[in-house]
Amino acid sequence: MKIQENYIKRCLALAKNGLGTTYPNPLVGAVIVYEGKIIGEGWHHQAGKAHAEVNAIAQVEDSEVLKKSTIYVTLEPCSHFGKTPPCSDLIIAKGIKNVVIGMLDPFEKVAGRGIKKLLEAGCNLKVGVLEEECKELNKRFLTYNLKKRPYVILKWAQSKDSFLSPYAWPEKPKKQAPIWITNSVSKQLVHKWRAEEQAILIGSKTALTDNPQLTTRLWDGPSPYRILLDPDLEVGHKHSLFSDGNPTLVLYKSNLIPPVNQQKIDYEPIELGENLPHQILEIAYKKGIQSLLIEGGGVTLQTFINQNLWDEARVFDGSVYFNGGTPAPKIEGKLVSKQNINSDFLKLLKND
């Protein structure tokens, strides 16, 4: 069992290379072992391209040894035709008889069908090796398919005395630049997070106050799909969210008339009230968004917290004191980790 776990750990490490680039597909890693040695390995790079099993099999020079090999994979091999053929069919066609799987696939077009195919072909299966670790790897994919909403990550930075800014809206001087709480390393880390998540959300007050771009300019990776909660359509098209050509979705009150659609700007009506977070997540789900990073502001963050619609919170404590201003959100959750990032302190909370 320990040997099997070690190979699945390698699969997990490989799969993480695809974080941020495989949407809407899950993260998957695979290794092929022959006589105690890895002879092929791979991961899923991007939707529409070869799956992990295909990439691992392609590395094996002598296909005859596959019949005496074991394939390890983090997720149940697919059984349906999508943009690529079924991986379960390929495993069977190559004569691989021993298959070790981390977890079952909850996606309705798979959901046990891959297992059924392999068993009917006479394969020896072991399912559930490091299952919890495999579920953690694909928490976005699982949340989307099982809870019918995106995986929600809250993120904010607060002063040592728990304020988001030294002023309360709308007190900020119009020409004053944003006041940074975190250091340059933490800023880069946030851009890395953006590259890993499918979409990012802020409210209109944050857009008007800070004029953010919400891109990954400090990291090499795709910028997330931007969602702006702008009920009164206050944010003009000269703001950074609209001026760089990246896609943006604007959520506005249904009794208003949005501007004529500009290129890569979409509009969706909403109704204000306690149900607002549910509406936002429903819209995101319908658009196929598996993960949503919420960067603020304080009212937007607290609204999701109050409705218990969050999965993770990533909270930076900076080294500055504000002695007043906009208070940080109030949240309770399980403290998973904490670390120093130079002068900053980062806490990761889970909603259990």
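See above for the structure.
Model, not experiment: these values are computed from the prediction.

The rules we used
- Residues numbered from 1 in each chain as written.
- Predicted model: local features only at pLDDT ≥ 70, side-chain atom pairs only at ≥ 80, totals over all residues.
- Heavy atoms only, no water.
- Pairing = 2+ DSSP bridges.
- Helix = DSSP H or I, 4+ residues; strand = E, 2+ residues; numbered from the N terminus.
- Axes fitted to C-alpha atoms, helices over the stretch in contact; angles between N-to-C directions.
- Contact = heavy atoms within 4.5 Å.
- Phe/Tyr/Trp six-rings, centres within 6.5 Å; stacked < 30°, edge-to-face > 60°.
- Buried < 20%, exposed > 50% of the residue type's maximum accessible area, 1.4 Å probe, protein only.
- Lys NZ or Arg CZ within 6 Å of the ring centre and 35° of its normal.

Peer 1: Could you clarify how one ought to interpret the sheet that holds strand 2 (residues 37-43) in this entry?
Peer 2: Whenever strands of a sheet pair, they do so through backbone hydrogen bonds, lying parallel or antiparallel. Strand order in the open sheet formed by five strands is 2-1-3-4-5, and the pairing between neighbours is mixed. The sheet terminates laterally at strand 2 and strand 5 (124-127), the two strands that pair on one side only. Strand-to-strand twist of the sheet, defined as the mean angle between neighbouring strand axes without regard to direction, takes the value 15 degrees. Here strand 1 (residues 29-34) runs beside strand 3 (residues 70-75); their pairing, made up of four bridges, is antiparallel. The partner of valine 33 across the bridge, within strand 3, is threonine 70. Strand contacts of helix 1 (residues 2-15): strand 1, strand 2, strand 3, strand 4 (98-103) and strand 5, with the helix running at about 140 degrees to strand 1, the strand carrying the most contacts.

Peer 1: How should I be thinking about the packing of aromatic side chains in this particular structure?
Peer 2: Aromatic ring pairs: the centre-centre distance and the angle between the two ring planes describe each pair. Scanning the entire structure with this criterion turns up four aromatic pairs. For the ring pair tyrosine 144 and tyrosine 285, a centre distance of 4.5 Å and an interplane angle of 35 degrees mean the geometry is tilted. Linking tyrosine 144 in helix 6 (residues 139-147) with tyrosine 285 in helix 10 (residues 276-286), this pair joins segments that are 141 residues apart in sequence. Relative accessible area serves as the criterion here: at 15%, tyrosine 144 is assigned to the buried category. Positioned above the aromatic ring of tryptophan 193, the side-chain terminus of arginine 314 is 4.7 Å from the ring centre.

Peer 1: Help me understand the environment of leucine 118 in this model?
Peer 2: Summarising the element assignment, leucine 118 is placed in helix 4 (residues 113-120). It is 6.5 Å that separates the C-alpha atoms of leucine 118 and serine 88, two residues lying 30 residues apart in sequence. Excluding residues that lie within four positions of it along the chain, leucine 118 makes contacts with Pro77, Ser88, Ile91, Ile92, Val99, Cys123 and Leu125.

Peer 1: I keep staring at the sheet that holds strand 15 (residues 334-341) and nothing clicks. Help me out?
Peer 2: Taken together, nine strands build an open sheet; the order of strands is 11-10-9-8-12-6-13-16-15 and the sheet is mixed. Only two strands of the sheet have a single neighbouring strand rather than two, namely strand 11 (265-270) and strand 15. Taken pair by pair, the neighbouring strands of this sheet meet at an average axis angle of 20 degrees, ignoring direction. Pairing of strand 13 (residues 312-317) with strand 16 (residues 344-350), which is carried by six bridges, proceeds in the antiparallel orientation. The residue of strand 16 that forms the bridge with aspartate 317 is phenylalanine 345. Packed onto the sheet, helix 6 meets strand 6 (151-158), strand 12 (291-296), strand 13 and strand 16 and runs at close to 125 degrees relative to strand 6. Those strands touched by helix 7 (residues 184-196) are strand 6, strand 8 (199-203), strand 12, strand 13, strand 15 and strand 16, and its axis lies near 165 degrees from that of strand 13.

Peer 1: Quick question: what am I supposed to make of the pairing of strand 12 here?
Peer 2: The side chains of a regular strand alternate between both faces of the sheet. Taking burial as the measure, the six residues of strand 12 include six buried ones, the bulk of the element. Of the pairings in the sheet, the one linking strand 8 to strand 12 comprises four bridges and is parallel in character. Pairing of isoleucine 202 across the sheet is with glycine 296, part of strand 12.

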